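An overview of the molecular structure
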Amino acid sequence: MTDVGARAQELAALHDSGDLVVLPTVWDTWSARTAADVGFHGLTVGSHPVADAIGSADGERMDFGEYLGVVRRIAESVDIPVSADVESGYGLGPDELIARLLEAGAVGANIEDVVHGEGDRVRDKHEHADYIAGARRAADDAGVPFVINGRTDAVKLGGEVFSDPLAEAAERIVLMEQAGARSVYPVGLTSADQVTRLVGAVSIPVNVTAHPVKGHGAGDLAVLRNLGVRRVSFGPLWQMWLTKVSTEQLSHWMTPDQ
């Protein structure tokens, strides 16, 4: 049984350390143990790679109970803290969401502002901050220093949705910090200038997505650290890279009649 209190303290301490933490994004016990055996101090579970692994689809189309079953098995398979991507919350209120995550052994969560279950509706920035605040209260009431990673897709959605996507992202991450997020995740950043602007908007860690081989558009791990990035995850990119490499290598075993 996962000691969620102790694991949560570990994850919170990593975020409070002032240093950069890399949390590889995993999708099953094999990938989790592989990353843990390398020596990483925490993991994220990605909804996209999990959906691909179980034959479902991302965008809150998985059965949430089945997804939490995967999260539970991952959390029980490693001795480091695990955070789970829960998209916009799968239609659950923040109290129920946090309760179910803690029951599954997760001690952190990505919570995003695009509600896929409602036709990809984008939450108003104050609505999303209120949801984050509700999750923070629920975790605090449970006595667990749960790490909420507040995600916004403002930059990813771009100019078709927001007149100034980067400014919108900055406003949203500030509100999420005020609401109790322990880190923020403005997805879609591709340049050092974008990273620098958003890192400077908040005092908590900013998460960027990097490719495990190619790194990030702003640079490698050392560059990201110098830019002030304090949290890195892989999203679906590790799994996608393994798929590409495996496809290339397995193709050499195709016989002529295949």
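The notes below deal with the structure included here. (Residues numbered from 1 in each chain as written. Predicted model: local features only at pLDDT ≥ 70, side-chain atom pairs only at ≥ 80, totals over all residues. Heavy atoms only, no water.)

Things to note about the pattern of salt bridges
In the structure shown here, the tally under the stated rule is twelve salt bridges. The salt bridge involving Glu 112 is made with Arg 151; its shortest N-O contact spans 3.8 Å. Pair noted here: Glu 112 is in the loop between strand S5 (108-111) and strand S6 (114-115) and Arg 151 is in strand S8 (residues 147-152), with a separation of 39 residues, a long-range link. Given a relative accessible area of 12%, Arg 151 falls into the buried group. Residue Glu 248 pairs with Lys 244 through a salt bridge whose shortest N-O separation is 2.8 Å. (Salt bridge = Lys/Arg side-chain N within 4 Å of Asp/Glu carboxyl O. Helix = DSSP H or I, 4+ residues; strand = E, 2+ residues; numbered from the N terminus. Buried < 20%, exposed > 50% of the residue type's maximum accessible area, 1.4 Å probe, protein only.)

Comments concerning the packing of aromatic side chains
Per the counting criterion, the structure on display carries six aromatic pairs. Relative to Trp 30, the ring of Trp 27 lies with its centre 6.3 Å away and its plane at 55°, an arrangement referred to as tilted. Residue class for Trp 27 comes out buried when judged on its relative accessible area of 8%. Residue Trp 30 is classed as partly exposed on the basis of its relative accessible area of 49%. By the ring-pair criterion, three or more aromatic residues cluster together here, those being Trp 27, Trp 30 and Trp 238. Between Arg 123 and the ring centre of Tyr 131, over which it is positioned, the NZ or CZ distance is 4.3 Å. (Phe/Tyr/Trp six-rings, centres within 6.5 Å; stacked < 30°, edge-to-face > 60°. Lys NZ or Arg CZ within 6 Å of the ring centre and 35° of its normal.)

Description of the packing of helix H8 (residues 165-179) against helix H9 (residues 192-199)
It is at 10 Å that the axes of H8 and H9 come closest, and there the two elements cross at 30°. Overall, the two elements H8 and H9 adopt an arrangement that is roughly parallel. In the crossing of H8 with H9, the sense of the turn from one axis to the other is right-handed. Contact residues: H8 offers Leu 166, Ala 167, Ala 169, Ala 170 and Ile 173, while H9 offers Gln 194, Arg 197 and Leu 198. Looking at the contact of H8 with H9 residue by residue, the class counts come to six nonpolar, one polar and one charged. (Axes fitted to C-alpha atoms, helices over the stretch in contact; angles between N-to-C directions. Parallel < 35°, antiparallel > 145°, perpendicular 65-115°, else oblique. Left-handed = near helix turned anticlockwise from the far one by under 90°. Contact = heavy atoms within 4.5 Å. Nonpolar A, V, L, I, M, F, W, Y, C, P; charged D, E, K, R; others polar.)

Some details on the sheet that holds strand S10 (residues 207-209)
The strand order across the open sheet built from three strands is S1-S11-S10, with neighbouring strands paired in parallel fashion. With one partner strand each, in any of the chains shown, strand S1 (21-22) and S10 form the two edges of the open sheet. Judged from the two bridges that link them, S1 and strand S11 (residues 231-233) form a sheet pairing that is parallel. Note on S11: the bridge partner recorded for Val 22 is Val 232. (Pairing = 2+ DSSP bridges.)

Describing the packing of helix H5 (residues 94-104) against helix H6 (residues 125-141)
In contact at an axis separation of 8 Å, H5 and H6 are set at 50° when each is read in the N-to-C sense. The angle between the axes of H5 and H6 places the two elements in the oblique class. Once H5 is placed against H6, the crossing between them reads as right-handed. For the pair H5 and H6, contact is made by Pro 94, Asp 95, Leu 97 and Ile 98 and by Tyr 131, Gly 134, Ala 135, Ala 138 and Ala 139, respectively.

Describing the pairing of strand S4 (residues 82-85)
Residues Val 82 and Ala 84 point to one face of S4 and Ser 83 and Asp 85 to the other, with burial holding for every one of them. Relative to S4, strand S3 (residues 43-45) is paired through three bridges, and the arrangement is parallel. Its bridge partner lying in S4, Thr 44 is registered against Ser 83. Two elements, S4 and S5, share three bridges in a ladder whose sense is parallel.

Here's the deal with the pairing of strand S9 (residues 183-186)
On S9, burial covers both faces: Ser 183 and Tyr 185 on one face and Val 184 and Pro 186 on the other are all buried. Bridge count between S8 and S9: four bridges; the pairing is parallel. Paired with Thr 152 across the two strands is Pro 186, which belongs to S9.

Overview of the sheet that holds S8
The six strands lie next to each other as S2-S3-S4-S5-S8-S9, forming an open sheet whose pairing is parallel. The open sheet is flanked by strand S2 (25-26) and S9, the only strands paired with a single partner. One ladder, built from two bridges, connects S2 with S3; its direction is parallel. Counted as the bridge partner of Thr 25 is Thr 44 from S3.

Some remarks on the environment of Ser 56
Along the chain, the position of Ser 56 falls in the loop between helix H3 (47-54) and helix H4 (64-77). Look at Ser 56 and you get partly exposed, because its relative accessible area is 29%. Here the alpha-carbon distance between Ser 56 and Leu 189, two residues 133 residues apart in the chain, equals 27 Å. Those residues in contact with Ser 56 that sit more than four places away from it in its chain are Ala 51, Arg 61 and Met 62.

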